[in-house]
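# Summary of the model geometry
Spelled out from the first residue to the last, the chains are:
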Amino acid sequence: MARKNTINPFAPYAWLAEAGWVFAMHSAQLWADPAKAGTRLISLGAEKQRAFAEGAMKAGAAAMRGASPETVAKLAMAPARRRVRANARKIQTG
């Protein structure tokens with residue numbers, strides 16, 4: 001009997017947990033070095049704006065092409081997921 005291609009129902013929650021961990025680590029870094037907090041907060045905010053804009057443009061283009069809602073949502077979230085994963089790797093390596 002062939003296995004069905006199932007999607008992990010916990011994947012979105014795993015991403016949220018990873019994002020929460022990254023947020024907590026950034027918060028700890030800001031608390032540990034408050035002199036650099038202002039510039040760091042600006043760069044973190046700009047990073048989120050870039051990811052949001054990139055996701056919005058890709059999702060909008062896909063929606064105009066008639067893509068499925070699932071595809072549009074995945075394209076909208078992809079840049080944010082990449083940034084969270086990159087930030088997690090950067091924090092873990094120091």
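All figures in this text were calculated on a predicted structure; none of them were measured in a lab.

## Quick look at the nonpolar core
Listed in full, the five residues of the largest apolar core are W15, V22, V84, A88 and I91. The element contributing the most residues to this core is helix α3 (residues 69-93), with three residues. For A88, the contacting residues outside a window of four places in its chain are E18, W21 and V22.

## What about the packing of aromatic side chains?
Scanning all chains against the criterion turns up zero aromatic pairs. Seen from the ring of W15, R81 lies directly overhead, with NZ or CZ sitting 5.1 Å from the centre.

About the criteria used
- Residues numbered from 1 in each chain as written.
- Predicted model: local features only at pLDDT ≥ 70, side-chain atom pairs only at ≥ 80, totals over all residues.
- Heavy atoms only, no water.
- Core = buried A, V, L, I, M, F, W, Y, C linked by side-chain atoms within 4.5 Å.
- Buried < 20%, exposed > 50% of the residue type's maximum accessible area, 1.4 Å probe, protein only.
- Helix = DSSP H or I, 4+ residues; strand = E, 2+ residues; numbered from the N terminus.
- Contact = heavy atoms within 4.5 Å.
- Phe/Tyr/Trp six-rings, centres within 6.5 Å; stacked < 30°, edge-to-face > 60°.
- Lys NZ or Arg CZ within 6 Å of the ring centre and 35° of its normal.

That's the geometry; what it means functionally is another story.
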